[in-house]
Structure formats: C-alpha cells, structure tokens
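# Fold and contact review
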Amino acid sequence: MNSQQFSALKERSQVFRNDSVSLRKERLIKMLDWIIKNEDEIYEALKQDFSKPAFETLISEINPCTTELRYAIRKLSCWMSDHRVRTPMALFGHRSSIR
C-alpha cells in the first residue's frame with residue numbers, strides 16, 4: 001500500500017466515524033443479505049478456486065460470517081453508547097466516559 005492509498009483510507013475512516021447506529025446497522029444488514037443471496041456463487045467460487053466442498057464452505061466460511069454479522073447487528077447500539085468510567089483523582093468533581 002502506498003502513501004496515497006493510505007491517505008485515502010484515513011480520510012474515509014474519518015467520514016465513517018460519525019455515522020449513526022442506524023446507518024451502520026443498515027450496512028451490516030446489506031452485507032448479511034448479500035452473503036445469503038449469493039451463497040450459491042460463494043460455494044461455486046470456492047469449489048473452483050480451492051476445490052472446497054460445499055459443506056466445508058458452509059462451516060468454515062459462510063456460517064462464521066453470518067453469525068458474526070448477526071451478533072454485530074444485535075450489539076452495535078450497546079457498543080456505540082457512552083460508557084462511564086472512573087474519574088481520576090486529579091479531576092475530582094467531574095464525570096468521565098468513553099465515547
């Protein structure tokens with residue numbers, strides 16, 4: 001990766017940082033739907049490229065991805081919420097949270 005590509009990725013990451021929970025969930029749902037819709041093509045591609053049987057593809061590729069996507073969709077709101085943390089003594093009287 002060259003410095004130009006890295007700079008482009010860095011700029012794009014700043015844009016994504018401010019996305020709402022609903023927008024992020026929408027993207028995850030689109031990825032999940034794409035995997036489910038294109039399951040047959042995934043089986044075929046892995047069979048052609050790696051001679052991978054369909055059952056192995058299901059167990060090692062498709063199920064882990066869909067399971068993790070569903071988990072992320074379910075937990076995203078919690079992950080994006082503020083979490084209270086202990087305030088250092090030097091900042092006594094203030095509140096601390098991780099955003």
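Heads up: these notes are all about the structure in this document. (Residues numbered from 1 in each chain as written. Predicted model: local features only at pLDDT ≥ 70, side-chain atom pairs only at ≥ 80, totals over all residues. Heavy atoms only, no water.)

### A look at the packing of helix α2 (residues 21–37) against helix α4 (residues 54–80)
Between α2 and α4, whose axes approach to 10 Å, the crossing angle comes to 170 degrees. As far as their axial angle goes, α4 and α2 are roughly antiparallel. Residues V21, R24, K25, L28, I29, M31, L32, I35 and I36 of α2 lie in contact with α4, whose contacting residues are I62, C65, T66, L69, R70, A72, I73, L76, S77 and M80. (Axes fitted to C-alpha atoms, helices over the stretch in contact; angles between N-to-C directions. Helix = DSSP H or I, 4+ residues; strand = E, 2+ residues; numbered from the N terminus. Parallel < 35°, antiparallel > 145°, perpendicular 65-115°, else oblique. Contact = heavy atoms within 4.5 Å.)

### Some thoughts on the pattern of salt bridges
Taken as a whole and assessed by the stated rule, the structure comprises three salt bridges. Across the pair R27 and D19 runs a salt bridge, and its minimum N-O distance is 2.5 Å. In this structure, the salt-bridge partner of K52 is E61, at a minimum N-O distance of 2.7 Å. Among the residues examined, K52 registers a relative accessible area of 14% and is labelled buried. (Salt bridge = Lys/Arg side-chain N within 4 Å of Asp/Glu carboxyl O. Buried < 20%, exposed > 50% of the residue type's maximum accessible area, 1.4 Å probe, protein only.)

### With respect to the packing of α2 against helix α3 (residues 39–50)
Packing of α2 against α3 brings their axes to within 4 Å, and their N-to-C directions diverge by 65 degrees. Along the contact surface, α2 presents W34, I35, I36 and K37, while α3 presents E39, E41 and I42.

### Some words on unusual backbone geometry
In this structure, S51 takes a positive phi of about 55 degrees despite not being glycine. Considering the arrangement of structural elements, one finds S51 in the loop between α3 and α4. Residue class for S51 comes out exposed when judged on its relative accessible area of 60%.

### Thoughts on the nonpolar core
Residues L28, L32, I35, I42, Y43, L46, I62, L69, A72, I73 and L76 constitute the largest nonpolar core, which totals eleven residues. Contributing elements (two or more residues each) for this core: α2, α3 and α4. Ranked by residues supplied to this core, first place goes to α4 with five residues. I73 has contacts with K25, L28, I29 and L32, leaving out every residue within four places of it along the chain. (Core = buried A, V, L, I, M, F, W, Y, C linked by side-chain atoms within 4.5 Å.)

### Concerning helix α1 (residues 3–17)
With 15 residues, α1 extends 21 Å between its outermost C-alpha atoms, agreeing within 8% with the 21 Å of an ideal straight helix rising 1.5 Å per residue. The backbone nitrogen of Q4 has a side-chain oxygen 3.1 Å away, supplied by the residue at the start of α1, namely N2. (Expected span 1.5 Å × (residues − 1). Polar contact = N/O pair within 3.5 Å; in protein donor to acceptor, adjacent residues only side chain to side chain.)

### As for the environment of E11
Looking at the element boundaries, E11 is found in helix α1. The exposure class of E11 is exposed, given its relative accessible area of 58%. Placed 46 residues apart in sequence, E11 and T57 show a C-alpha to C-alpha distance of 35 Å.

### Quick notes on the side chain of D19
Its location among the elements puts D19 in the loop between α1 and α2. The buried category is assigned to D19, whose relative accessible area is 12%. Reaching out from D19, the side chain makes a polar contact with the side chain of R27 at a distance of 2.5 Å. In this view, D19 contacts R24, R27 and M80; residues no more than four positions away in its chain are not counted.

The values reported here are purely geometric and, on their own, carry no functional implication.
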